[in-house]
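Given next are the chains, with one letter for each unit.
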Amino acid sequence: MLKVSPKNNGSQQLVLGTEEIAPGGRIRKHKHLRQDEILLIQTGAAHVRVGDMEREVHAGGLVFLPRNTTIELENIGSEPIALVFIFSAPGFEDYMRCVSVPAGQERTTITQEELRRCSHAGHVVYAELEQLPNK
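Rules used in this analysis
Residues numbered from 1 in each chain as written. Predicted model: local features only at pLDDT ≥ 70, side-chain atom pairs only at ≥ 80, totals over all residues. Heavy atoms only, no water. Axes fitted to C-alpha atoms, helices over the stretch in contact; angles between N-to-C directions. Helix = DSSP H or I, 4+ residues; strand = E, 2+ residues; numbered from the N terminus. Parallel < 35°, antiparallel > 145°, perpendicular 65-115°, else oblique. Contact = heavy atoms within 4.5 Å. Phe/Tyr/Trp six-rings, centres within 6.5 Å; stacked < 30°, edge-to-face > 60°. Buried < 20%, exposed > 50% of the residue type's maximum accessible area, 1.4 Å probe, protein only. Disulfide = S-S within 2.5 Å. Pairing = 2+ DSSP bridges. Core = buried A, V, L, I, M, F, W, Y, C linked by side-chain atoms within 4.5 Å. 1 Å grid on protein atoms, 1.4 Å probe; cavity = no way out; pocket = protein on both sides within 12 Å on 5 of 7 lines; lining within 4 Å. Points joined across faces, edges and corners; volume = space filled by probe spheres on them. Nonpolar A, V, L, I, M, F, W, Y, C, P; charged D, E, K, R; others polar.

A. Broad picture of the packing of helix H2 (residues 92-99) against helix H3 (residues 112-121). Direction vectors running N to C along H2 and H3 enclose 155°, while the axes themselves pass 7 Å from each other. The angle between the axes of H2 and H3 places the two elements in the roughly antiparallel class. Here Asp94, Tyr95, Cys98 and Val99 of H2 come into contact with H3, specifically with Leu115, Arg117, Cys118, Ser119 and Ala121.

Written out as structure tokens, the structure reads:
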């Protein structure tokens with residue numbers, strides 16, 4: 001859920017939000033092209049890969065993600081991970097809005113082309129999309 005962004009409250013420099021990741025859930029391998037990111041793990045335990053480094057991060061842990069560095073995260077615990085994400089500049093929230101549906105509405109299937117468009121809008125590159133042919 002986005003808390004601070006240009007559209008939420010006019011911030012032109014920061015984006016901050018919260019996310020919950022169920023046990024076994026993950027953040028797919030990706031990189032941000034224009035923003036640094038900080039993840040603050042509030043609850044749970046995660047296996048995190050940042051570039052070539054791998055670590056377990058537990059509640060209270062912080063992960064710094066420089067722009068153009070791949071990140072992937074998996075919840076390895078038995079409880080949900082609650083995390084806070086902070087971006088150094090706006091952009092990624094456009095991806096989040098593009099692929100999301102408002103609370104209470106049914107999720108819809110998104111095509112690979114729509115996912116590419118959303119990724120481009122949010123300045124993010126997902127590893128699996130790089131391997132797919134362009135149509």
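B. Expanded view of the packing of aromatic side chains. Taken as a whole and judged by the stated rule, the model has four aromatic pairs. Aromatic side chains phenylalanine 87 and phenylalanine 92 sit 5.2 Å apart centroid to centroid with 35° between the ring planes, which places their arrangement in the tilted category. Note on phenylalanine 92: relative accessible area 10%, which makes it buried. Pairing tyrosine 95 with tyrosine 126 gives two aromatic rings, centres 5.4 Å apart and planes at 35°, and the pair type is tilted. Of this pair, tyrosine 95 sits in helix H2 while tyrosine 126 is found in strand E10 (residues 124-126), placing the two residues 31 residues apart along the sequence.

C. Quick peek at the state of the cysteines. By the definition in use, this model includes one disulfide. The side chain of cysteine 98 participates in a disulfide bridge whose partner is cysteine 118; the two sulfur atoms lie 1.9 Å from each other. Its S-S torsion of approximately -60° makes the covalent link between cysteine 98 and cysteine 118 left-handed. Pair noted here: cysteine 98 is in helix H2 and cysteine 118 is in helix H3, with a separation of 20 residues, a long-range link. For cysteine 98, a relative accessible area of 27% corresponds to the partly exposed category.

D. Up close: the sheet that holds strand E7 (residues 62-65). Taken in spatial order, the five strands make up an open sheet running E1-E2-E9-E4-E7, and their pairing is antiparallel. The open sheet terminates on both sides in strands that have one partner only, identified here as strand E1 (2-4) and E7. Averaged over all adjacent pairs, the angle separating strand axes in this sheet is 20°, with direction ignored. Direction of pairing for strand E4 (residues 37-43) relative to strand E9 (residues 81-87): antiparallel, over a ladder of six bridges. Along E9, the bridge assignment pairs leucine 40 with valine 84. H2 rests against E1, strand E2 (15-21) and E9 of the sheet, and its axis sits at about 150° to E1.

E. Examining the nonpolar core more closely. Core analysis: the biggest nonpolar cluster contains 26 residues, and Val48, Leu73, Leu83 and Tyr95 have the highest contact counts within it. Beyond its immediate sequence surroundings of up to four residues, tyrosine 95 is in contact with Arg28, Leu115, Cys118, Ser119, Gly122, Val124 and Tyr126.

F. Expanded view of the layout of surface pockets. In this model, the largest pocket occupies a volume close to 970 Å³. In this structure, the largest pocket is lined by 34 residues; those nearest its centre are Glu19, Tyr95, Val99, Ser100 and Arg107. Looking at the lining of the largest pocket, its residues break down into 18 nonpolar, eight polar and eight charged. Reported here for the second largest pocket is a volume of approximately 200 Å³. Grouping the constituent residues of the lining of the second largest pocket by class yields six nonpolar, one polar and one charged.

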